[in-house]
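Listed below are the residues making up each chain.
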Amino acid sequence: MASAARENDPLFQPYQLKHLILRNRLMSTAHEPNYSENGLPGERYRLYHVEKAKGGLALTMTAGSAIVSQDSPPSFGNLHAYKDEIVPALRQLVDQCHDHDCAVMIQITHLGRRTGWNHGDWLPVLAPSPIREPAHRSFPKEIEDWDIDRIVADYASAAARMQAAGLDGIEIEAYGHLLDGFWSPATNIRDDNYGGNLDNRLRFTYLVLDAMRKSVGPDFIIGFRMAADEAWSEGFGAETGMEIIRRLKATGQIDFLNIIRGHIDQDAALSKVIPISGMASAPHLDFSGNIRANTKLPVFHAAKIDDIATARHAIAEGKLDMVGMTRAHIADPYIATKTRAGRETEIRPCVGATYCLDRIYEG
Ligand SMILES: Cc1cc2nc3c(=O)[nH]c(=O)nc-3n(C[C@H](O)[C@H](O)[C@H](O)COP(=O)(O)O)c2cc1C
């Protein structure tokens, strides 16, 4: 690409999300590298993100599923968003990424049934209904009212910690975890006011969102990374997904969506959400683009958009606002800098072997 064309490259146009200006359209989505030390981001964790910031990335979503509650056992090295000590550790990471003009957000969650009881403090695994997740194989306890009250308060205090650490925003994880566990007929067979119709299934989500907003105020950026279609006979489809998005948008409390299509309760299903070597490129891009067109909400998305041409297409065609190239940035954190300098051919490509994912369970 000639230098004039590079100046007009859709990928390198800034993007404004609320008050936040992102320098280009490239982001790394949440992924837990299992580099945490006692649940905190130490030097290795920090340098891992700072390297991407140096490489020209606009937004790095830290953590993969930082846990808001002590009773969400950290089965893959998750950060402990419930600890006060995380604030100065994250602050250092954020400041150093900001020095390189890279925005930093964090994904927070309660893992629900997607964890093992024999991690962390060996506390019972919780879910809306006592239905086992094939991948992690715990038998969850059916969540009770007092658990809900406690976890809602945990989301709010975790949000306050993330704000105090200087993060640019929070992404709430809602696919395969506790929050969306209430949405899905596959994991919620309750007959109380948290089950049945969609209003009831969204009750816990509204409580969490309200509590977080009270905690961080209206200006702080909060979005959802959510299944918009579980693509599963046992789960919910695209129509329900769109209705959930409409209702979330109607709260006036969310600033972006990060779209997931599929379910992750077992590895075969997970490989359709995080497509592996040999599978089609960008399988859920058009689906995500449709959501952007229909909701007018800012949309992020990642799923095997592993080359610059596809990323550019996603932005140029208005399918996404921010394009996630997550494993691609694990393979080469300097994608943006190299592309801007016309050195695209020097990018070390991600081959999709996904060893990065296997190894987080080895730590
Ligand atoms: C090692 C690893 C850990 C991940 N952990 C999370 C996670 O905790 N939360 C999440 O939402 N996505 C997680 N992901 C999924 C990524 O955010 C992303 O959706 C996925 O890698 C597909 O995008 P890509 O093809 O650009 O890599 C993880 C991915 C990898 C490779």
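Here is what the cut-offs are and how they apply
- Residues numbered from 1 in each chain as written.
- Predicted model: local features only at pLDDT ≥ 70, side-chain atom pairs only at ≥ 80, totals over all residues.
- Heavy atoms only, no water.
- Axes fitted to C-alpha atoms, helices over the stretch in contact; angles between N-to-C directions.
- Helix = DSSP H or I, 4+ residues; strand = E, 2+ residues; numbered from the N terminus.
- Parallel < 35°, antiparallel > 145°, perpendicular 65-115°, else oblique.
- Left-handed = near helix turned anticlockwise from the far one by under 90°.
- Contact = heavy atoms within 4.5 Å.
- Nonpolar A, V, L, I, M, F, W, Y, C, P; charged D, E, K, R; others polar.
- Core = buried A, V, L, I, M, F, W, Y, C linked by side-chain atoms within 4.5 Å.
- Buried < 20%, exposed > 50% of the residue type's maximum accessible area, 1.4 Å probe, protein only.
- Pairing = 2+ DSSP bridges.

(A) The packing of helix α3 (residues 86-98) against helix α4 (residues 145-164), seen in detail. Direction vectors running N to C along α3 and α4 enclose 40 degrees, while the axes themselves pass 8 Å from each other. In terms of orientation, α3 lies oblique with respect to α4. In this structure, α3 crosses over α4, and the sense of that crossing is right-handed. For the pair formed by α3 and α4, the contact residues are Ile86, Val87, Leu90 and Arg91 on the first element and Arg161, Met162 and Ala164 on the second. Split into classes, the residues belonging to the contact of α3 with α4 amount to 5 nonpolar, no polar and 2 charged.

(B) Spotlight on the nonpolar core. Ranked by size, the top nonpolar core spans 91 residues in total, and within it Ile106, Ile108, Tyr155, Trp183, Phe204, Phe224 and Leu257 carry the most contacts. Counting residues per element, this core draws most heavily on α4, which supplies 8 residues. Residues in contact with Phe224, not counting those within four places in the same chain, are Glu171, Ile172, Ala174, Leu179, Trp183, Thr205, Leu209, Leu248, Ile254, Phe256, Leu257 and Asn258. By size, the runner-up hydrophobic cluster in this structure holds 15 residues, among which are Tyr15, Ala30, Leu59 and Ala103.

(C) Looking closely at the sheet that holds strand β9 (residues 221-229). Taken together, 8 strands build a closed barrel; the order of strands is β3-β4-β5-β8-β9-β10-β11-β12 and the barrel is parallel. Averaged over neighbouring strand pairs, the angle between their axes works out to 30 degrees when direction is ignored. Taken together, the 3 bridges between strand β10 (residues 256-261) and strand β11 (residues 299-301) define a ladder with parallel strand orientation. By the bridge assignment, Leu257 is partnered in β11 with Val299. Contacts from helix α2 (residues 43-54) reach β3 (26-28) and β4 (59-67), with the element oriented near 150 degrees to β4. Against the sheet, helix α7 (residues 203-216) touches β5 (103-109), β8 (169-174) and β9, its axis set at about 165 degrees to β9.

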